[in-house]
Amino acid sequence: MVSIATFLLLKKNYSKINIILNFISVIFLLSSGWPHGVIGYAVFVGITLVFEFKQSGKLNKVVYLSIPAILALIFSFPIYSEYIFSHDLTNRVNGFDSSLRTFIPSWSTIILGFFPTFYDYMTYISYRLVLVPLGFSTLFLPMVFFYRNIKELWQRDNILKWFSTLIIIFFLLSQMPSQFGPLRWPFRFLPFISFFICLAIFYILQYAHAIRGKKLILNKKIYISLYIILGGFFLFLPVYAGFDTLTLILSLVLMLFLLEHDLFNFKKSILVNFNKKYFLVILFVFCLVFFNSWNLHPFYIILQIFSVWLLILSPKIIERKSPYGMIGLTLLILLLFLNGLPTLGGSYQRQTELAERIQLPDNVNLQGYVLSLPLNIYLKQTRQLNDIASAQFGFYDIKSINGYSPVGSKRLEKILPVNQSAHGIFTSKPALENILQNAKGFNVCQAVLMRISTIIVNKDDYAAFSHQFKQCGYSEVQSADSRSDLYVSLPFTLTKGWENNSPFVYPDIAGVRIMKHENNTDWVQIPEHKDNITLIFPRLWWYGYSAKIDDHLLSVTADSSGSLVQVSVPPDFNGVLRLSYFPVTWRYLWFLPILAIIGLITLLFFNVKIKE
């Protein structure tokens, strides 16, 4: 959104400060690594430049508006260069399918998004995930069609056509297949739809001529009947929804009263500028929303009734053009929204309740990495070690092979196969077959090379591989308190130094010790030796690793499995071995940020001539 704002500033005034702001904001956008954000910004800029060229006919203006973003792309390209260079090592879920319309928002979600408490659901495999309603920014959408002359504004200029084109394009993007390269999970384009609908509404409210509704005059008996119904409704509402909702009801009434002092005077609030078509549309939408969530807690009926009241009052609130009224309106919608989500999320959204601390078993070896094979993603509570799954290990500061990333390693997945996903949820039996066999060229198991000190495994899987576990040195140390899981660990005497990621050494010679371990660097003390020695580090292999002893480069390759880092140390090379990682492409593309800065300075220097 910041990048879009700075581009609009640049389009309005091609000044030095706006050039710099757009340049910096696009760099931050590209650095975020959010593909939908980058694609959305590119679509916005492309459509805007097409309208700009159509209006002005000046191609050079289009080029100049594009230059800050192009320079930002040049500056940021090294962020993506290593990912592109390592494409043969990475595995990102791709394809072209729309199975079960996973993460594709429904049309009703978008069309009825102006209703603050309309909750629709997206499908993810067999789950129903709560979708954040768009009503927070598009509340006035139905009002502008009945209280503003849109046809006249449409014919007057191209700005409304520009907004409409953007809304249609992003709507189409939101309906793309679930799996479609960087366009996967298209619900992520919803913020762009909401944003441009919001801008279009504000533009219409500011520049379109108002259409006055008629003042509806009712006789005294009808007024009295309405007040009796309203009073009875408020008396019955806490009884129906529970007296614990009384505070919420009073808060909503108070906020509505602060927004509209004539709240209970229908002649001055609702009926003074009454539009029958608008009123009927709101009631019809309320019926749709009600039947969409009739089986929910009565709490939501309260929120929906106040949403209808707010929509009916919105023409009156807009007519005043009070900044305080708009701020209060925003807070009221936010109150409706936030009060609805917690209960709704607990009912319909799959989530795991994480304890602040868990009890770690004393005899389970945590000096190395933990490999958890049970499928724990469906658990609602985490209370002990075998309950943890995916990225939750990081929350408890436990070294783990499991993790969560949308991008996996093809080489690691040959050893620890995953089920169509790179999220560290492994298929247990193929994984055990691979890690409980001797690594090629060494008389140790692959699990030992990977420095896995504990494996959490199902009892049935342990029984099937008990012989292989014993051959590799693993033994059952404890049963989990719940379900049928076992903790299988190596003896503590065999894992000294593993807490610092010490490498496997072949042949095993005395004196090799890890001195220091950091994210991208290891320092290892190598004693005098006469034979060639091989060190295998528990690091995932990527291009860019190098090793030195006293400025002498050593051979760094992938091990026999292709997944770990292997360093060969020739005879008579001793001292401190330094293994470090630095992206390969950065060694050759370091000049790009400097080139982009030079281009930016040049653009700023010639800014006066460009403006002319």
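Each remark here, short or long, concerns the structure printed above.
Worth saying up front: this structure is predicted, and the values here are computed from it rather than measured.

The full count for this structure, using the stated rule, is 1 disulfide. Linked covalently through their sulfurs, Cys445 and Cys472 form a disulfide whose S-S length is 1.9 Å. Measuring the twist about the S-S bond at about -80°, one finds the Cys445-Cys472 disulfide to be left-handed. With Cys445 in the loop between α18 (428–435) and α19 (446–449) and Cys472 in the loop between α21 (466–471) and β11 (475–479), this pair connects stretches of sequence that are 27 residues apart. Overall, the relative accessible area of 5% leaves Cys445 in the buried class.

What follows deals with unusual backbone geometry. Peptide bonds are mostly trans, and most non-glycine residues show a negative phi. The omega torsion across Tyr506 and Pro507 is -10°, close enough to zero to call that bond cis. In this fold, Pro507 is placed in the loop between β13 (504–506) and β14 (513–517). Phi is positive for Asn501, close to 60°, though the residue is something other than glycine. Here Asn501 shows up in the loop between β12 (485–489) and β13. Judged by relative accessible area, which is 5%, Asn501 ranks as buried. Phi angles above zero are rare outside glycine, and Asp551 is one such case at about 65°. Looking at the secondary structure, you find Asp551 in the loop between β17 (545–549) and β18 (552–558). Residue Asp551 is classed as exposed on the basis of its relative accessible area, which comes to 68%.

With that settled, the discussion passes to empty space enclosed by the protein. This model, assessed by the stated rule, comprises 3 cavities of 30 Å³ or more. Put simply, the largest cavity is a space of about 100 Å³. Looking at the largest cavity, it is lined by 13 residues, and the ones nearest its centre are Tyr147, Ile270, Asn273, Ile312 and Pro315. For the lining of the largest cavity, the elements supplying multiple residues, two or more each, are α13 (276–292) and α14 (298–320). Looking at which element gives the most residues to the lining of the largest cavity, the answer is α14, with 4 residues. The class makeup of the residues in the lining of the largest cavity is 8 nonpolar, 3 polar and 2 charged.

Thresholds, definitions, all that
Residues numbered from 1 in each chain as written. Predicted model: local features only at pLDDT ≥ 70, side-chain atom pairs only at ≥ 80, totals over all residues. Heavy atoms only, no water. Disulfide = S-S within 2.5 Å. Helix = DSSP H or I, 4+ residues; strand = E, 2+ residues; numbered from the N terminus. Buried < 20%, exposed > 50% of the residue type's maximum accessible area, 1.4 Å probe, protein only. 1 Å grid on protein atoms, 1.4 Å probe; cavity = no way out; pocket = protein on both sides within 12 Å on 5 of 7 lines; lining within 4 Å. Points joined across faces, edges and corners; volume = space filled by probe spheres on them. Nonpolar A, V, L, I, M, F, W, Y, C, P; charged D, E, K, R; others polar.

Bear in mind that shape data such as this cannot, by itself, settle questions of function.
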